[in-house]
Amino acid sequence: SRMESAGEAAAAAPSATAVGPTLSGTTREGDAEPTPAAAEAVDADAVLKELAAELEALHGDRLRRRLRQLQLHWHPDRACRDGGVCADDACRIFGLVQGVWESRILAAVSAIPVGAD
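Residues numbered from 1 in each chain as written. Predicted model: local features only at pLDDT ≥ 70, side-chain atom pairs only at ≥ 80, totals over all residues. Heavy atoms only, no water.

### Remarks on the overall build of the chain
Defined as follows: Per the convention used, a helix needs a DSSP run of H or I reaching at least four residues, while a strand needs a run of E reaching at least two, with both numbered from the N terminus. With a 1.4 Å probe rolled over the protein chains alone, any residue whose accessible area is under 20% of its type maximum counts as buried; one over 50% counts as exposed, and the rest are partly exposed. Residue contacts follow a heavy-atom distance rule, with two residues in contact if any of their heavy atoms lie within 4.5 Å. Computed by Shrake-Rupley with a 1.4 Å probe, the accessible areas treat only the displayed protein chains as cover when residues are assessed.
Each helix and strand counted, the chain has five helices and zero strands in total. Reading the chain from its N end, one meets helices and strands in the order α-α-α-α-α. By residue count, 31% of the 117 residues in the chain fall in the buried class. Counting contacts in the chain only where the partners sit at least 6 residues apart, residues at least 24 apart contribute 60% of the total. Counting every atom, the chain has about 7600 Å² of accessible surface; 56% of that belongs to carbon and sulfur.

### A closer look at the side chain of Asp89
Put simply, the rule reads: The positive count covers Lys and Arg only, the negative count covers Asp and Glu only, and His and the chain ends enter neither. When a carboxyl oxygen of Asp or Glu is within 4 Å of a side-chain nitrogen of Lys or Arg, the pair counts as a salt bridge.
Tracing the chain through its elements places Asp89 in helix H5 (residues 87–110). There is no salt bridge for the buried Asp89, and the closest opposite charge comes from Arg92, which lies 4.3 Å off by N-O distance. Dropping the residues within four chain positions of it, Asp89 is found in contact with Val42 and Ala44.

### Quick look at the confidence of the model for the chain
Where we set the bar: Across the chain, each position has a pLDDT score giving the predictor's confidence in that residue, from 0 to 100.
Residue-level pLDDT values for the chain average 75, and 62% of them are 70 or greater. Within the model, the stretch residues 1–19 combines pLDDT values under 50 with 14 contacts to residues more than four positions away or in other chains. Low pLDDT, under 50, characterises residues 21–39; the predicted model gives this stretch 37 contacts beyond four residues in sequence or across chains.

### A few points about H5
Put simply, the rule is: The angle between axes fitted to the seven-residue stretch ending at a residue and the seven-residue stretch beginning at it gives the bend at that residue.
Of all the bends in H5, the greatest, near 30 degrees, is centred on Glu102. Those residues of H5 lying buried are Asp89, Ala90, Ile93, Phe94, Val97, Val100, Trp101 and Ile105. In the core, the buried residues of H5 are packed alongside helix H2 (44–57), helix H3 (60–74) and helix H4 (76–82).

### Remarks on the packing of H2 against H3
Just so we agree on the cut-off: Working convention: axes come from line fits to C-alpha atoms, limited for helices to the stretch in contact. Angles between N-to-C directions cover 0 to 180 degrees. Under this scheme an angle from 65 to 115 degrees is roughly perpendicular, one under 35 degrees roughly parallel, and one over 145 degrees roughly antiparallel; angles in between are oblique. Handedness of a helix crossing follows the sense of rotation of the near helix relative to the far helix, less than a right angle counterclockwise being left-handed and clockwise being right-handed. Under the scheme applied, nonpolar residues are Ala, Val, Leu, Ile, Met, Phe, Trp, Tyr, Cys and Pro; charged residues are Asp, Glu, Lys and Arg; polar residues are all the others, including Gly.
The interhelical angle for the contact between H2 and H3, taken along N-to-C directions, is 160 degrees, at an axis separation of 11 Å. As far as their axial angle goes, H3 and H2 are roughly antiparallel. For the crossing formed where H2 meets H3, the hand is left-handed. Residues Val47, Leu51, Glu54 and Leu55 of H2 form the contact with H3, whose own contacting residues are Leu63, Arg66, Leu67, Leu70 and Trp74. Looking at the contact of H2 with H3, its residues break down into seven nonpolar, no polar and two charged.

Take a look at the structure:
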C-alpha cells in the first residue's frame, strides 16, 4: 500500500542526526536495533579523538544538543546493554563527554550572575 511504501522508504533512508560518532559500532536515531558492527569492539581511542575534535568545533545550543545525544548514547548502562560496548570503553568515552558538559555547559551557566536578565 501507499502507506507501507512511504514507511519503507523512511526506514531505508539514513537519519540525518547521528546519535553517536560515525565510527563502526554506532546507531542512528530511528534504528530499531544497533547496526551489526555495534557488537564489535569499539576503538575507544579513535572515538575519543574524533569526539574531542567534533566537540571543540561546536558552540552554544549545537554543542549542548550534541552533548546530550552523546550522554544518552555513551552512558555505560546503555552502551554496554544496547550497543555491546565493554564497560571500560563506555566509561572512558562517557567521561570525556561529561567533562566537556561540565566545563563548557555547566561552567557557562554558573558564570551568569544571579539576578541577571
